[in-house]
Amino acid sequence: MNENLIKFCQKLIQAQSLSGHEDQVANLIVEEMKLLGYDEVKVDDYGNVIGKIAGNGDKSLMYDGHMDTVGIPDPSKWTMDPFGGEIVDGKMYGRGTSDMKCALAAMIYAAARLKKENVNLKGDVYIAAVVFEEIFEGMGLGKILDVITPDAVVIGEASRLTLNLGQRGRAEIVVETHGVNAHSSSPEKGLNAVYPMAKLIPQVQSIETTHHEKLGRGIVELTDIVSSPYPGASVVPDRCQVTYDRRLLVGETKETVLEPIQGVIDRLSSEDEAFKASVGYAVAQEPTYTGNSLGGERYFPAWLTDESSDIAQKAIAGILNAGIEPKIQNYAFCTDGSESAGKRGIPTIGIGPSLETLAHVVDEYIELSEIEKAEQVYFEISKSFLQ
């Protein structure tokens, strides 16, 4: 057991790092990378940490892991300290153990080991420790990719060390219906925006989404509805807004995703000239811990890397060299791969320790043996891809 790696994982767990507050973890990573002899360690304007192990060649491989975690809505439900990093029966407990500070630590140690063991690399290895992934999948990574363009990216999200070659994407779609305010004692003088929304919702619900043989079916699911003004005591609302969670498939675009909903709006408008509605993507902007803002449209595309690609084949060889039988699947959730592969077309794979189902849960944990295996897998994938 690599005691230094395990202790580093504990330090990361003990440092709370909600999105926008990753500075403690970033400082720990910078310090550890320098102690491990990284050739370059930088923190960019948004708080992302980028470490580099230099090789001899033009090729490059980037590992991606996020520093932020979701919160703890009710600490009383935890039987372990969420920020204790306690180890019991071969498991480390705490927020971020599986999602995904321990995977990030394994990446950091695996890259340092390449230098320590004088592995002859025909290119550079980058470790990207990114901010705000839990809210803006890929946006933090995108700021790094604006500066560094690797030949391939490895996402470290949990997969029980199964090789993941893709995922459905995610978009937040906002639909608004518009009316006219009036006092609720004289509703005939206004136009209640909720009533046209009541017509629109079942029409959107009936939209048939496409299916992909590897990624499954696209999804349109209503997740939020609110009228305005809110609360609306004694007033007819002049606006009603619903938010849809849209799970995306490869081949879909921003335009084609909105077209069916716009079609519903156009049809209802043609049937009733008083019907007024609009559709678009949610937009969000948040400050990072450095003070610079990160955000934009909440549209994170799907991606799928071919099994015959260089990175996939080299990853399979590396997994075998780590003594693990390779298995292939796809992520059920959205990752930073939406940026690297979905938006930029950089060949991307995902492989990480622990189970997807342990992310965001009470008493989140990771098996120590998984951390060790992940470090070996990342070490072997790097050798396979860059030798």
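Coordinates for the structure precede this section.
So, a few notes on the structure that sits alongside this text.

Parameters and conventions
- Residues numbered from 1 in each chain as written.
- Predicted model: local features only at pLDDT ≥ 70, side-chain atom pairs only at ≥ 80, totals over all residues.
- Heavy atoms only, no water.
- Helix = DSSP H or I, 4+ residues; strand = E, 2+ residues; numbered from the N terminus.
- Buried < 20%, exposed > 50% of the residue type's maximum accessible area, 1.4 Å probe, protein only.
- Contact = heavy atoms within 4.5 Å.
- Polar contact = N/O pair within 3.5 Å; in protein donor to acceptor, adjacent residues only side chain to side chain.
- Phe/Tyr/Trp six-rings, centres within 6.5 Å; stacked < 30°, edge-to-face > 60°.
- Lys NZ or Arg CZ within 6 Å of the ring centre and 35° of its normal.

### Let's talk about the environment of H66
Phase 1: Inspection of the secondary structure assignment puts H66 in strand β3 (residues 59–66).
Phase 2: Given a relative accessible area of 1%, H66 falls into the buried group.
Phase 3: Contact partners of H66, with chain neighbours within four places excluded, come to D99, M100, L104, V130, E133, E134 and E157.
Phase 4: A distance of 3.1 Å separates the side chain of H66 from the side chain of D99, its partner in a polar contact.
Phase 5: A polar atom in the side chain of H66 sits 3.2 Å from the side chain of E133.

### Things to note about the packing of aromatic side chains
Phase 1: Tallied over the entire structure, the rule returns six aromatic pairs.
Phase 2: When the ring of F8 is compared with that of Y109, the centres are 6.0 Å apart and the planes differ by 40 degrees; the resulting orientation is tilted. One end of the pair, F8, is in helix α1 (residues 3–14); the other, Y109, is in helix α3 (residues 97–116), and 101 residues separate them in sequence. Taken individually, F8 and Y109 each receive the classification buried, so the pair is uniform in this respect.
Phase 3: Look at Y331 and F333: their rings are 5.2 Å apart centre to centre, the planes differ by 40 degrees, and that puts the pair in the tilted class.
Phase 4: When its relative accessible area of 25% is taken as the criterion, F333 is described as partly exposed.
Phase 5: If you follow K59 out to its NZ or CZ, it ends over the ring of F385, 4.0 Å from the centre.
Phase 6: Its guanidinium or amino end placed over the ring of Y365, K91 lies 4.5 Å from that ring's centre, counting from NZ or CZ.

### Structural notes on unusual backbone geometry
Phase 1: The step from D99 to M100 runs through a cis peptide bond, and the omega angle for that step is -15 degrees.
Phase 2: As for its placement among the helices and strands, M100 is situated in helix α3.
Phase 3: The peptide bond linking Y230 to P231 adopts the cis configuration, its omega dihedral lying at -5 degrees.
Phase 4: Within the secondary structure, P231 sits in the loop between β13 (219–228) and β14 (235–236).
Phase 5: If you check the backbone angles, S234 has positive phi at about 60 degrees while not being a glycine.
Phase 6: Along the chain, S234 turns up in the loop between β13 and β14.
Phase 7: One non-glycine residue, D363, lies in the positive phi region at around 55 degrees.
Phase 8: Locating D363 in the fold gives a position in the loop between β22 (348–350) and β23 (365–367).

### Quick look at the environment of L222
Phase 1: Along the chain, L222 turns up in strand β13.
Phase 2: In sequence terms L222 and D245 are 23 residues apart; their C-alpha atoms lie 6.3 Å from each other.
Phase 3: Dropping the residues within four chain positions of it, L222 is found in contact with I201, V242, T243 and Y244.

### Focus: the side chain of Q241
Phase 1: With respect to the secondary-structure elements, Q241 resides in strand β15 (residues 239–248).
Phase 2: Here R239 takes part through its side chain, which lies 3.2 Å from a polar atom of the side chain of Q241.
Phase 3: Filtering out sequence-adjacent residues up to four positions away, Q241 remains in contact with V174, V175, E176, M197, D224, I225 and V226.

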